[in-house]
Amino acid sequence: MTPELTEAIISCKACERLVIHREKVAQYPPLRYRGQTYWSRGVPGWGDPKARLWIIGLAPAAHGANRTGRMFTGDMSGEWLYRILYEMGWSTRPQSLHREDGLELKGVYISAAVRCAPPQNRPTASELKTCFPFLQQEWERLRPTVKALMPLGHIAYCQTLRLLGIQQQLSFAHGKYWKHEDWWIVCSYHPSQQNTYTRRLTWAAWEAVFRLAKQLCGGNR
């Protein structure tokens, strides 16, 4: 994305509740992260600016991306995501460690519905609305090359429908997909611990939805 958009996301303080929360968790981190400097700002999207697959998550995790400054980095959800991207040939390594680790994404861009860590991972309707212009600006830059959008979870799914101007009340389900105009929408459960530990989302189901996305995007071309 452009430096201007990246800076706008990083410097945004529009949602007071989120600003307070993202900074509070940095002041009182769990023992395993004590002594680390938290990012504690808005987390910009990142990846290939000519991506064919756009992955849209929910929000930075309080001790994940809010700590590291990179989407899906520093928590178990990220371990699932970057492992599958590597296996699909869309990433140069199977782990994302920090913003400066040299990892590159090939044909994939990652962002989220909300750019600051929300309390209990639950953004409000107002916070989703405030962050929505960031998605719109990313979409304007990605739409010439994107073949498929993959929202992870119901909230990201609703924001994706809104982004594409889809008014119908279309139900969400893991593995559900259809084409809207020139783009595929591929739905997936979020790889949160709540889903993976309970096996609501298994590795086989996760792998299957990415194989589908790869097929719809035309492989690794």
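Keep in mind that this is a model prediction, so the values were computed, not measured. (Residues numbered from 1 in each chain as written. Predicted model: local features only at pLDDT ≥ 70, side-chain atom pairs only at ≥ 80, totals over all residues. Heavy atoms only, no water.)

S.K.: Account for the overall build of the protein chain, with residues named and values stated.
M.R.: Along the protein chain, the regular secondary structure elements total 8 helices and 6 strands. Traced from its N-terminal end to its C-terminal end, the protein chain shows the element sequence α-α-β-β-α-α-β-α-β-α-β-β-α-α. For a compact globule of 221 residues, the expected C-alpha radius of gyration is about 17 Å, and the protein chain comes in at 16 Å, within 12% of that figure. If you line up the protein chain on its principal axes, its C-alpha atoms span 45 × 35 × 35 Å. The burial tally for the protein chain puts 53% of its 221 residues in the buried class. In the protein chain, the proportion of contacts linking residues at least 24 apart, taken out of those at least 6 apart, comes to 69%. Separation of charge centres in the protein chain, based on 29 positive and 17 negative side chains, amounts to 4 Å. (Helix = DSSP H or I, 4+ residues; strand = E, 2+ residues; numbered from the N terminus. Rg over C-alpha atoms; globule rule 2.2 N^0.38 Å. Buried < 20%, exposed > 50% of the residue type's maximum accessible area, 1.4 Å probe, protein only. Contact = heavy atoms within 4.5 Å. Lys, Arg positive; Asp, Glu negative; His and termini not counted. Charge placed at Lys NZ, Arg CZ, Asp CG, Glu CD.)

S.K.: Could you give an account of the pattern of salt bridges, with specific residues and numbers?
M.R.: Inspection of the entire model under this criterion finds 6 salt bridges. Here Glu127 ties to Arg17 by a salt bridge, and the two come within 2.8 Å at their closest N and O atoms. Taken as a pair, Glu127 in helix 5 (residues 125–142) and Arg17 in helix 2 (residues 16–27) lie far apart in primary sequence, 110 residues in all. Residue classification places Glu127 among the buried residues on the basis of a relative accessible area of 5%. Of the charged contacts, one joins Glu140 and Arg143 as a salt bridge, the two residues approaching to 3.5 Å between their closest N and O atoms. (Salt bridge = Lys/Arg side-chain N within 4 Å of Asp/Glu carboxyl O.)

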